[in-house]
Amino acid sequence: MDACDVLIVGGGPAGSACAWGLRNSGLDVRILDKQSFPRDKVCGGWITPAVLSELGIDAAEYALGRLLQPITGFRTGYIGGSAIETDYNRTVSYGIRRREFDDYLLRRSGARVMEPSALTSLERDGDGWIVNGQTRACLLVGAGGHFCPVAKLTGAKGTRENAVVAQEAEFEMDQRQQAGCRIRPEVPELYFCADIKGYGWCFRKQNFLNIGLGRMDQHRLSERVGAFVRFLRAAGRITFDIPPALLGHAYLLYGVSERKPVDDGRLLIGDAAGLAYKQSGEGIRPAIESGLLAARAIVEAQGNYSRESLERYEALLQKRFGASGQDWASMAGQHLPSAWIGALGRALLGTRWFVRDVVIDRWFLHANGPAL
């Protein structure tokens, strides 16, 4: 039977970051994913400079043969209303294609990438795991996103989770669509729902366009996405229909998820642990940081992968992301009528200081949070 020290299930940013963090540890690290890379991934597709810094990526080197769209500002408003444009006069973020970005991270991770295979069975074997009846691992790291099989097979109850749900389309525009697109590559557009329970986005990355909408409330999601696209057309942002085959995905916000990131011989990282930022729903940076923090805890465990030893990882998560629990917006939503929340939110979205200092700098860029 094949054996390794650490088996990471999921080859996305969280899993690759964890493996990269373990590259000089002396541990035998493997990555298992059900898909072959490069593969498409449903995601808005943007990262902050902190992500590149944390992973030691040179932007100029990465951009050779790959899409890396500098972002210097944002256009922000609410669906059905006006918008405010914020210009930073410098690069504050980047647009990426997940197909390229994830493949790049996986190839440079330093881990052995196993043949594409789904995780179908887990069996506890003393202080280790038997995976799919053929590989023994001392430690299992779940990095398979919201529907991570490690989380599912070790106790996560998806039916009780209040997940954010989203639908989106990313496609390469033809010449006619390019001519009919007023969305500028360096200025992504964000439009909140009238009730402030979600938002839609428009990211142009060179000639690729990504349009989507996500909400905490999944009721009538497709209808809301359709209304958002009609708003974009009415506002003159696009003059064409987007592809009808929208793709969906789901994720859990940090502090909302009840998943346990640590157990005997097992860690959950990224969306598998429910770590997306509360206000923006961004998952890439929390995924990468959780992977790096998990790697730190694994090295410190020195081969002892008991729950007590691995709780160091949970402590690192809380130090980085804050204690689990509701934020002020969630608590306000429980005590104020939804109509009041919506009216207040729309009023604030009409003020430049709130849009720049709170919505963009704090919620979306996390500008006050230095890189690991």
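Quick note: structure is the one above.
About the cut-offs
Each chain has its residues counted from 1, running along the sequence as written. Since the coordinates come from a predicted model, pLDDT governs what is reported: local features require at least 70, and pairs of side-chain atoms require 80 or more to be given and counted, while whole-chain, interface and lining totals use all residues. Excluding hydrogens and water, the side-chain figures rest on all heavy atoms present in the structure. Think of it this way: any DSSP run of H or I at least four residues long counts as a helix, any run of E at least two long counts as a strand, and we number them from the N terminus. The contact definition used throughout considers only heavy atoms, calling two residues in contact when any of these lie within 4.5 Å. Using a 1.4 Å probe on the protein chains alone, a residue whose accessible area is under 20% of its type maximum counts as buried, one over 50% counts as exposed, and one in between counts as partly exposed. Polar contact is defined as a pair of N or O atoms within 3.5 Å, subject to the rule that within protein one atom must be able to donate a hydrogen and the other to accept it, and that residues adjacent in sequence are counted only when both atoms are side-chain atoms. By definition, two strands form a pair when at least two bridges between them are found by DSSP. Here, nonpolar core refers to any group of buried Ala, Val, Leu, Ile, Met, Phe, Trp, Tyr and Cys residues whose side-chain atoms link them within 4.5 Å.

Asker: Quick one: what's the story with the side chain of T135, residue by residue and with numbers?
Answerer: Along the chain, T135 turns up in strand β11 (residues 135-142). Setting aside chain neighbours within four positions, we find T135 in contact with M1, D2, C4, M114, W129 and I130.

Asker: Any chance you could break down the side chain of R215 for me, citing the residues and the numbers?
Answerer: Among the secondary structure elements, R215 is positioned in strand β15 (residues 208-215). Owing to a relative accessible area of 1%, R215 belongs among the buried residues under this scheme. Polar side-chain contacts of R215 include one of 3.4 Å to the backbone oxygen of D217. Those residues in contact with R215, other than ones at most four positions away along the chain, are A163, V164, V165, C193, D195, K197, G198 and R224.

Asker: I'd like a rundown of the sheet that holds strand β3 (residues 46-47), residues and numbers included.
Answerer: What the three strands build is an open sheet, ordered β3-β7-β4; its pairing is antiparallel. This sheet does not close on itself; its edge strands, each paired only once, are β3 and β4 (69-71). Pairing analysis gives two bridges linking β3 to strand β7 (residues 93-95), with the strands arranged antiparallel. Note on β7: the bridge partner recorded for W46 is G95.

Asker: Any details on the nonpolar core? Residues and values, ideally.
Answerer: Formed by 49 residues in total, the largest nonpolar core has its most connected members in L7, I8, C18, I298 and Y313. In terms of nonpolar packing, the next biggest core, distinct from the first, is built from 25 residues, A163, V165, I183 and F240 among them.

Asker: Can you lay out unusual backbone geometry for me, pointing to particular residues and giving the numbers?
Answerer: Look at the link from F37 to P38: it is a cis peptide, with omega at 0 degrees. Relative to the helices and strands, P38 resides in the loop between β2 (29-32) and β3. The residue N132 is not glycine, and still its phi comes out positive at about 55 degrees. Here N132 shows up in the loop between β10 (128-131) and β11.

That's the geometry; what it means functionally is another story.
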